[in-house]
Amino acid sequence: MKNSIRKLQSLMAVGCLLPVLSSTSSSALAATSGEDTFKAKCAMCHGQDGSGNTPMGKRTKLRDLRSAEVQKETDDELASTIKDGKSPMPAYGKTLSAKEIQDLVAYIRSIAKKS
Ligand code: HEC
């Protein structure tokens, strides 16, 4: 009898841990979304909102990523700018995966100015 209670307790412990584990893995996934990558790696120049309204953005006359002139570029063009860089913008092809670059392109699309 004692034994089966112990078994039950250990089963319950596993049952309690599982939701914790699955919730941490889903937040780890969210941490690699295009938005988070953008805020971590790109916002210092392009601004949190993509406007380019930063000291670096002003110095280099950055185009607003939300603007029609940037948005009219194809996904491939945007992805290759991110991958290969465009002086003075560093290339990210070695530090970001193809998936992360895709997510960034999707994020840039999502902040487009709705006109
Ligand atoms: C050191 C500052 C800097 C960082 C960091 C940076 N960029 Fe840039 N980015 C620039 C500059 C400057 C340009 C414009 C280059 C040009 O047109 O000559 C640019 C251009 C671009 C363009 C093309 C827009 C256009 O005008 O056609 C895209 C897309 C872009 N960046 C995305 C990103 C993404 C995504 C990241 C993060 C992974 C990033 N950038 C990080 C400085 C930066």
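Since we're looking at a predicted model, the values are computed, not measured.

1. Quick word on the coordination of the iron atom of the ligand
Octahedral six-donor coordination of a metal ideally yields angles of 90 or 180 degrees, compared with 109.5 degrees for tetrahedral four-donor coordination.
At step 1: Surrounding the iron atom of the ligand are the protein donor atoms H46 (NE2) and M89 (SD), at 1.9 to 2.1 Å.
At step 2: Around the iron atom of the ligand, the 6 donor atoms sit at angles spanning 83 to 179°, and that spread fits a shape best called octahedral. Taken together, the positions of H46 in helix α2 (residues 34-46) and M89 in the loop between α5 (75-84) and α6 (98-110) put the pair 43 residues apart, joining distant regions of the chain.
At step 3: With relative accessibility at 12%, the residue H46 sits in the buried group.

2. Details of the environment of K113
At step 1: When you line up the elements, K113 lands in the segment after α6.
At step 2: Residues K113 and R66, 47 residues apart in the sequence, show an inter-C-alpha distance of 5.3 Å.
At step 3: Once residues lying within four places of it in the same chain are set aside, the contact partners of K113 are D64 and R66.
At step 4: Separated by 3.3 Å, the side chains of K113 and D64 make a polar contact.

Thresholds applied
- Numbering of residues starts from 1 in each chain and follows the order in which that chain's sequence is written.
- Local features in this predicted model are restricted to residues whose pLDDT is 70 or higher, and side-chain atom pairs enter the listing and the counts only when it is 80 or higher, whereas totals over whole chains, interfaces and linings include all residues.
- As a convention, hydrogens and water are excluded, and side-chain values are obtained from all of the structure's heavy atoms.
- Each metal's donors comprise the N, O and S atoms found within 2.8 Å of it (within 3.2 Å for Na, K or Ca). Water is not part of the atom list, so some coordination spheres may appear incomplete.
- Site shape is set this way: if four donors have all angles between 85 and 135 degrees, tetrahedral; if opposite donors are over 155 degrees apart and all others between 65 and 115, square planar for four donors and octahedral for six; otherwise irregular.
- Strands are runs of DSSP state E lasting at least two residues, helices are runs of H or I lasting at least four, and both sets are numbered from the N terminus onward.
- The rule is simple: take the accessible area with a 1.4 Å probe, protein chains only, and divide by the maximum for that residue type; under 20% is buried, over 50% is exposed, in between is partly exposed.
- What makes two residues a contact is simply this: any of their non-hydrogen atoms within 4.5 Å.
- Polar contacts, as used here, are pairs of N or O atoms within 3.5 Å; protein pairs need one atom able to donate a hydrogen and one able to accept it. Residues neighboring in sequence count only if both atoms are side-chain atoms.

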